[in-house]
Amino acid sequence: MHQLRIHYFQHVPFEGPGSIQEWSIKNGHILTSTNFYLNETLPDLNSIDWLIIMGGPMSVDDEKEFHWLSKEKIFIKNAIEKGKTVIGICLGAQLIAQILSAKVYPNGQKEIGWFPILLTERAKQHPLFKGRDSEVTVFHWHGDTFELPENAMAIAKSEACTNQGFIYNQNVLAFQFHLETTKESIQQMIANGRHELTRGQYIQQEKEIENQQEFFEKNKKFLFSILDRLTKINGKQH
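Counting of residues starts from 1 at the beginning of each chain's written sequence and follows it residue by residue. For a predicted model such as this one, the threshold for reporting local features is a pLDDT of at least 70, and the threshold for listing and counting side-chain atom pairs is 80 or more; totals across whole chains, interfaces and linings nevertheless cover every residue. Side-chain numbers come from the whole structure's heavy atoms, not from hydrogens or water.

**Describing the packing of aromatic side chains**
Then, in step 1: What counts as a ring pair is set by centres within 6.5 Å for rings of Phe, Tyr and Trp (its six-membered ring), and what kind of pair is set by the plane angle: stacked under 30 degrees, edge-to-face over 60, tilted for all other angles. Within the structure shown, the criterion is met by 13 aromatic pairs.
Then, in step 2: An aromatic cluster of at least three residues, connected via ring pairs, comprises F9, F36, F66, W68 and F75.
Then, in step 3: The ring of Y105 has K103 sitting right over it, with the charged end atom 5.2 Å from the ring centre. Look at NZ for Lys and CZ for Arg. If either is within 6 Å of the ring centre and within 35 degrees of the ring normal, a charge sits over the ring.

Right under this line is the structure:
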(Lines give C-alpha, C1' and ligand atoms only; values in the text may rest on other atoms or scores of the structure.)
Protein backbone atom coordinates (compact mmCIF):
# COMPACT_ATOMS: atom_id res chain seq x y z
CA MET A 1 0.00 0.00 0.00
CA HIS A 2 1.35 3.44 -0.94
CA GLN A 3 2.06 5.92 1.81
CA LEU A 4 -0.65 8.56 1.47
CA ARG A 5 -0.57 12.19 2.56
CA ILE A 6 -4.00 12.49 4.17
CA HIS A 7 -5.23 15.89 5.30
CA TYR A 8 -8.44 16.46 7.23
CA PHE A 9 -10.52 19.55 7.91
CA GLN A 10 -11.87 19.82 11.46
CA HIS A 11 -14.57 22.38 12.25
CA VAL A 12 -15.06 22.00 16.01
CA PRO A 13 -12.90 20.46 18.79
CA PHE A 14 -15.37 17.61 19.40
CA GLU A 15 -15.66 16.17 15.87
CA GLY A 16 -12.21 14.86 14.99
CA PRO A 17 -11.03 12.00 12.78
CA GLY A 18 -11.82 9.28 15.33
CA SER A 19 -10.86 5.84 14.02
CA ILE A 20 -9.64 7.35 10.72
CA GLN A 21 -6.54 8.31 12.69
CA GLU A 22 -6.08 4.70 13.81
CA TRP A 23 -6.40 3.45 10.21
CA SER A 24 -3.90 6.04 8.97
CA ILE A 25 -1.31 5.12 11.60
CA LYS A 26 -1.86 1.39 11.06
CA ASN A 27 -1.14 1.77 7.33
CA GLY A 28 1.81 4.13 7.68
CA HIS A 29 0.11 7.15 6.13
CA ILE A 30 0.93 10.78 6.94
CA LEU A 31 -1.98 12.52 8.66
CA THR A 32 -2.18 16.32 8.90
CA SER A 33 -5.03 18.69 9.66
CA THR A 34 -6.49 22.17 9.42
CA ASN A 35 -8.46 23.10 12.54
CA PHE A 36 -10.69 25.93 11.40
CA TYR A 37 -11.85 26.71 14.94
CA LEU A 38 -8.21 27.64 15.68
CA ASN A 39 -8.00 29.82 12.54
CA GLU A 40 -5.33 27.57 11.03
CA THR A 41 -4.31 28.14 7.42
CA LEU A 42 -5.10 25.89 4.49
CA PRO A 43 -2.42 23.54 3.13
CA ASP A 44 -0.88 23.56 -0.33
CA LEU A 45 -3.23 21.37 -2.39
CA ASN A 46 -0.24 19.78 -4.13
CA SER A 47 1.09 18.58 -0.77
CA ILE A 48 -1.84 16.21 -0.09
CA ASP A 49 -3.28 13.07 -1.70
CA TRP A 50 -6.52 12.70 0.23
CA LEU A 51 -8.79 15.32 1.79
CA ILE A 52 -11.23 14.29 4.52
CA ILE A 53 -13.85 16.81 5.66
CA MET A 54 -15.23 16.17 9.13
CA GLY A 55 -18.61 17.07 10.63
CA GLY A 56 -19.79 19.97 12.73
CA PRO A 57 -22.97 21.56 14.11
CA MET A 58 -22.95 24.51 11.71
CA SER A 59 -24.79 24.72 8.39
CA VAL A 60 -23.11 24.96 4.99
CA ASP A 61 -24.51 28.50 4.62
CA ASP A 62 -23.27 29.87 7.97
CA GLU A 63 -20.47 31.85 6.31
CA LYS A 64 -21.18 35.08 8.21
CA GLU A 65 -20.59 33.36 11.54
CA PHE A 66 -17.86 31.01 10.32
CA HIS A 67 -15.86 33.12 7.88
CA TRP A 68 -13.55 30.25 6.90
CA LEU A 69 -16.38 28.31 5.23
CA SER A 70 -16.06 30.24 1.95
CA LYS A 71 -12.32 29.48 1.66
CA GLU A 72 -12.93 25.88 2.66
CA LYS A 73 -15.50 25.44 -0.12
CA ILE A 74 -13.09 26.80 -2.74
CA PHE A 75 -10.37 24.42 -1.53
CA ILE A 76 -12.72 21.40 -1.65
CA LYS A 77 -13.86 22.37 -5.16
CA ASN A 78 -10.26 22.61 -6.35
CA ALA A 79 -9.41 19.26 -4.73
CA ILE A 80 -12.30 17.57 -6.53
CA GLU A 81 -11.37 19.16 -9.85
CA LYS A 82 -7.74 18.07 -9.47
CA GLY A 83 -8.84 14.47 -8.94
CA LYS A 84 -7.81 14.19 -5.31
CA THR A 85 -9.57 11.58 -3.21
CA VAL A 86 -12.12 13.58 -1.21
CA ILE A 87 -14.21 12.14 1.63
CA GLY A 88 -16.94 14.10 3.40
CA ILE A 89 -18.60 13.11 6.67
CA CYS A 90 -21.91 14.67 7.76
CA LEU A 91 -21.25 18.44 7.35
CA GLY A 92 -18.40 17.42 5.05
CA ALA A 93 -20.83 15.48 2.85
CA GLN A 94 -23.20 18.45 2.77
CA LEU A 95 -20.38 20.78 1.74
CA ILE A 96 -19.43 18.45 -1.12
CA ALA A 97 -23.08 18.25 -2.22
CA GLN A 98 -23.40 22.03 -2.29
CA ILE A 99 -20.11 22.41 -4.19
CA LEU A 100 -21.50 19.96 -6.77
CA SER A 101 -24.56 22.26 -7.15
CA ALA A 102 -26.98 20.11 -5.12
CA LYS A 103 -29.42 21.63 -2.65
CA VAL A 104 -28.65 21.31 1.08
CA TYR A 105 -31.66 21.84 3.33
CA PRO A 106 -33.17 20.87 6.72
CA ASN A 107 -34.30 17.25 6.83
CA GLY A 108 -37.88 16.53 7.85
CA GLN A 109 -36.63 15.16 11.16
CA LYS A 110 -33.37 15.19 13.05
CA GLU A 111 -31.60 11.84 13.09
CA ILE A 112 -29.45 11.29 16.18
CA GLY A 113 -28.31 7.88 17.39
CA TRP A 114 -27.78 4.38 16.04
CA PHE A 115 -30.09 3.66 13.11
CA PRO A 116 -29.78 1.30 10.13
CA ILE A 117 -29.00 2.41 6.60
CA LEU A 118 -29.88 0.36 3.53
CA LEU A 119 -27.36 0.20 0.70
CA THR A 120 -28.78 0.92 -2.75
CA GLU A 121 -28.73 -1.80 -5.41
CA ARG A 122 -25.99 0.06 -7.31
CA ALA A 123 -23.90 0.49 -4.17
CA LYS A 124 -24.09 -3.26 -3.47
CA GLN A 125 -22.40 -3.87 -6.83
CA HIS A 126 -19.78 -1.16 -6.37
CA PRO A 127 -16.23 -2.30 -5.48
CA LEU A 128 -16.29 -0.25 -2.25
CA PHE A 129 -19.30 -2.11 -0.87
CA LYS A 130 -19.55 -5.39 -2.76
CA GLY A 131 -19.99 -8.33 -0.40
CA ARG A 132 -21.16 -6.16 2.48
CA ASP A 133 -24.46 -6.61 4.29
CA SER A 134 -27.17 -4.55 2.62
CA GLU A 135 -28.29 -3.19 6.01
CA VAL A 136 -25.79 -1.61 8.41
CA THR A 137 -26.51 0.14 11.71
CA VAL A 138 -24.45 3.34 11.86
CA PHE A 139 -24.24 6.47 14.00
CA HIS A 140 -26.09 9.61 12.93
CA TRP A 141 -26.13 13.19 14.20
CA HIS A 142 -27.64 15.58 11.70
CA GLY A 143 -30.53 17.91 11.07
CA ASP A 144 -29.74 18.85 7.47
CA THR A 145 -29.66 16.70 4.36
CA PHE A 146 -28.90 17.12 0.65
CA GLU A 147 -30.23 16.30 -2.77
CA LEU A 148 -28.18 13.90 -4.85
CA PRO A 149 -25.71 15.81 -7.06
CA GLU A 150 -25.99 15.34 -10.81
CA ASN A 151 -23.99 12.32 -12.05
CA ALA A 152 -23.52 11.04 -8.49
CA MET A 153 -24.41 7.51 -7.39
CA ALA A 154 -26.56 7.17 -4.28
CA ILE A 155 -25.01 4.91 -1.63
CA ALA A 156 -27.70 4.41 0.99
CA LYS A 157 -30.91 5.60 2.63
CA SER A 158 -32.51 5.35 6.05
CA GLU A 159 -36.09 5.64 7.32
CA ALA A 160 -35.49 9.25 8.35
CA CYS A 161 -33.31 10.40 5.47
CA THR A 162 -33.47 9.53 1.76
CA ASN A 163 -29.90 10.45 0.83
CA GLN A 164 -27.33 8.98 3.21
CA GLY A 165 -24.36 9.32 0.89
CA PHE A 166 -23.02 9.25 -2.64
CA ILE A 167 -20.03 8.52 -4.85
CA TYR A 168 -18.97 11.02 -7.50
CA ASN A 169 -16.37 10.36 -10.21
CA GLN A 170 -14.92 7.41 -8.22
CA ASN A 171 -12.68 9.77 -6.19
CA VAL A 172 -15.34 11.60 -4.15
CA LEU A 173 -17.16 9.82 -1.31
CA ALA A 174 -19.81 11.46 0.88
CA PHE A 175 -21.35 9.97 4.04
CA GLN A 176 -24.21 11.66 5.90
CA PHE A 177 -23.52 9.27 8.79
CA HIS A 178 -20.51 8.70 11.07
CA LEU A 179 -18.50 5.48 10.76
CA GLU A 180 -15.46 7.04 12.42
CA THR A 181 -16.92 7.47 15.89
CA THR A 182 -15.23 5.97 18.93
CA LYS A 183 -16.57 5.66 22.48
CA GLU A 184 -14.58 8.77 23.38
CA SER A 185 -15.69 10.84 20.40
CA ILE A 186 -19.37 10.06 20.94
CA GLN A 187 -19.06 11.16 24.57
CA GLN A 188 -17.62 14.46 23.33
CA MET A 189 -20.44 14.89 20.79
CA ILE A 190 -23.03 14.23 23.48
CA ALA A 191 -21.38 16.62 25.92
CA ASN A 192 -21.43 19.40 23.32
CA GLY A 193 -24.80 18.60 21.74
CA ARG A 194 -26.89 17.42 24.67
CA HIS A 195 -29.40 20.23 24.02
CA GLU A 196 -30.35 18.49 20.74
CA LEU A 197 -31.35 15.26 22.47
CA THR A 198 -35.01 16.21 22.62
CA ARG A 199 -38.01 13.94 22.04
CA GLY A 200 -38.20 12.72 18.47
CA GLN A 201 -38.94 9.60 16.44
CA TYR A 202 -35.32 9.37 15.30
CA ILE A 203 -33.58 10.90 18.31
CA GLN A 204 -32.13 8.48 20.84
CA GLN A 205 -31.32 9.57 24.36
CA GLU A 206 -27.87 9.70 25.92
CA LYS A 207 -27.93 6.33 27.71
CA GLU A 208 -29.40 4.57 24.70
CA ILE A 209 -26.61 5.91 22.48
CA GLU A 210 -23.85 4.99 24.92
CA ASN A 211 -25.22 1.52 25.68
CA GLN A 212 -25.08 0.25 22.09
CA GLN A 213 -21.41 -0.66 22.43
CA GLU A 214 -21.47 -3.48 19.87
CA PHE A 215 -21.66 -1.08 16.93
CA PHE A 216 -18.35 0.70 17.52
CA GLU A 217 -16.19 -2.22 16.38
CA LYS A 218 -18.56 -3.13 13.53
CA ASN A 219 -18.52 0.42 12.20
CA LYS A 220 -14.75 0.61 12.48
CA LYS A 221 -14.31 -2.60 10.49
CA PHE A 222 -16.75 -1.33 7.85
CA LEU A 223 -14.87 1.98 7.60
CA PHE A 224 -11.45 0.30 7.40
CA SER A 225 -12.73 -1.96 4.63
CA ILE A 226 -13.98 1.04 2.64
CA LEU A 227 -10.73 2.97 3.09
CA ASP A 228 -8.64 -0.06 2.13
CA ARG A 229 -10.67 -0.58 -1.01
CA LEU A 230 -10.62 3.12 -1.86
CA THR A 231 -6.84 3.07 -1.64
CA LYS A 232 -6.67 0.20 -4.13
CA ILE A 233 -9.19 1.81 -6.49
CA ASN A 234 -7.63 5.27 -6.61
CA GLY A 235 -4.03 4.55 -5.72
CA LYS A 236 -1.86 7.51 -4.86
CA GLN A 237 -3.14 10.79 -6.26
CA HIS A 238 -0.64 13.38 -7.46
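From this point, the narrative continues.
**A few points about the sheet that holds strand β7 (residues 153–154)**
Then, in step 1: Taken together, seven strands build an open sheet; the order of strands is β2-β1-β3-β4-β10-β9-β7 and the sheet is mixed. A single partner strand is all that each edge strand has here, and the edge strands are β2 (30–35) and β7.
Then, in step 2: Pairing of β7 with strand β9 (residues 165–168), which is carried by two bridges, proceeds in the antiparallel orientation. Within the sheet, the bridge partner assigned to A154 lies in β9 and is F166.
Then, in step 3: Here, two residues are considered to be in contact whenever any of their heavy atoms come within 4.5 Å of each other. Axis geometry follows a simple rule: fit a line to the C-alpha atoms, using only the stretch in contact for helices, then measure angles between N-to-C directions, giving values from 0 to 180 degrees. Counting from the N terminus, the helices are the DSSP runs of H or I reaching at least four residues and the strands are the DSSP runs of E reaching at least two. Strand contacts of helix α3 (residues 91–99): β3 (50–53), β4 (85–89), β9 and β10 (172–175), with the helix running at about 120 degrees to β4, the strand carrying the most contacts. One bridge is not enough; two strands pair if DSSP finds at least two bridges between them.

**Re the sheet that holds strand β8 (residues 156–157)**
Then, in step 1: Spatially, the three strands line up as an open sheet ordered β6-β5-β8, and their pairing is antiparallel. Strands with a single pairing partner mark the edges of an open sheet, and in this sheet they are β6 (135–146) and β8.
Then, in step 2: Bridge count between strand β5 (residues 104–119) and β6: eleven bridges; the pairing is antiparallel. Bridge pairing in β6 links W114 to F139.
Then, in step 3: Along the sheet, α3 contacts β5 and β6; its crossing angle with β6, the most-contacted strand, is approximately 60 degrees.
Then, in step 4: Each of β5 and β6 is contacted by helix α7 (residues 214–234), which is oriented at about 80 degrees to β6, the strand it contacts most.

**Observations regarding the side chain of H29**
Then, in step 1: Turning to its location among the elements, H29 is positioned in the loop between α1 (19–26) and β2.
Then, in step 2: By the criterion applied in these results, polar contacts are pairs of N or O atoms within 3.5 Å in which, for protein atoms, one can donate a hydrogen and the other can accept it, and in which residues neighboring in sequence qualify only through two side-chain atoms. Looking at H29, its side chain comes within polar contact range of the main-chain oxygen of H2, at 3.4 Å.

**Concerning the pairing of β2**
Then, in step 1: The pairing of strand β1 (residues 5–10) with β2 spans six bridges and is parallel. Paired with F9 across the strands is T34, a residue of β2.
Then, in step 2: For the handedness criterion, the strands are oriented away from the viewer, and a crossover whose path from the first strand over the helix to the second runs clockwise is classed as right-handed. Regarding topology, α1 serves as the crossover connection from β1 to the parallel β2, and that connection is right-handed.

**Notes on the packing of α1 against α7**
Then, in step 1: Relative orientation of the contacting elements α1 and α7 amounts to 50 degrees, with a least axis distance of 10 Å. Between α1 and α7, the interaxial angle falls into the category oblique. Where α1 crosses over α7, the handedness of that crossing is right-handed. In this structure, α1 contributes S19, I20, E22, W23 and K26 to the contact, and α7 contributes K220, L223, F224, L227, D228 and T231.
Then, in step 2: Gly falls in the polar group here, along with every residue not listed as nonpolar (Ala, Val, Leu, Ile, Met, Phe, Trp, Tyr, Cys, Pro) or charged (Asp, Glu, Lys, Arg). Across the contact of α1 with α7, the residue classes tally to five nonpolar, two polar and four charged. The labels follow the angle: roughly parallel below 35 degrees, roughly antiparallel above 145, roughly perpendicular from 65 to 115, and oblique for the rest. Helix crossings are classified by the rotation of the near helix relative to the far one: an anticlockwise turn of less than a right angle makes the crossing left-handed, while a clockwise turn makes it right-handed.

**Considering unusual backbone geometry**
Then, in step 1: Of note, N151 is a non-glycine position whose phi angle comes to about 70 degrees, a positive value.
Then, in step 2: We note that Q170 has phi near 70 degrees; this positive angle belongs to a residue other than glycine.
Then, in step 3: Here Q170 shows up in the loop between β9 and β10.

**Quick notes on the pattern of salt bridges**
Then, in step 1: Definition used for salt bridges: Asp or Glu carboxyl oxygen within 4 Å of a side-chain nitrogen of Lys or Arg. Under the criterion given, the structure shown has eight salt bridges.
Then, in step 2: A salt bridge links K110 to E196; the nearest nitrogen and oxygen atoms lie 3.0 Å apart. With a gap of 86 residues between them, K110 in strand β5 and E196 in the loop between α5 (183–193) and α6 (206–211) connect regions that are remote in the sequence.
Then, in step 3: Residues joined by salt bridges that share partners form a network here, namely E22, E217 and K220.

**Let's talk about the environment of K220**
Then, in step 1: Summarising the element assignment, K220 is placed in helix α7.
Then, in step 2: When the C-alpha atoms of K220 and L179 are compared, they prove to be 6.4 Å apart, with 41 residues separating the residues in sequence.
Then, in step 3: Contact partners of K220, with chain neighbours within four places excluded, come to S19, E22 and L179.

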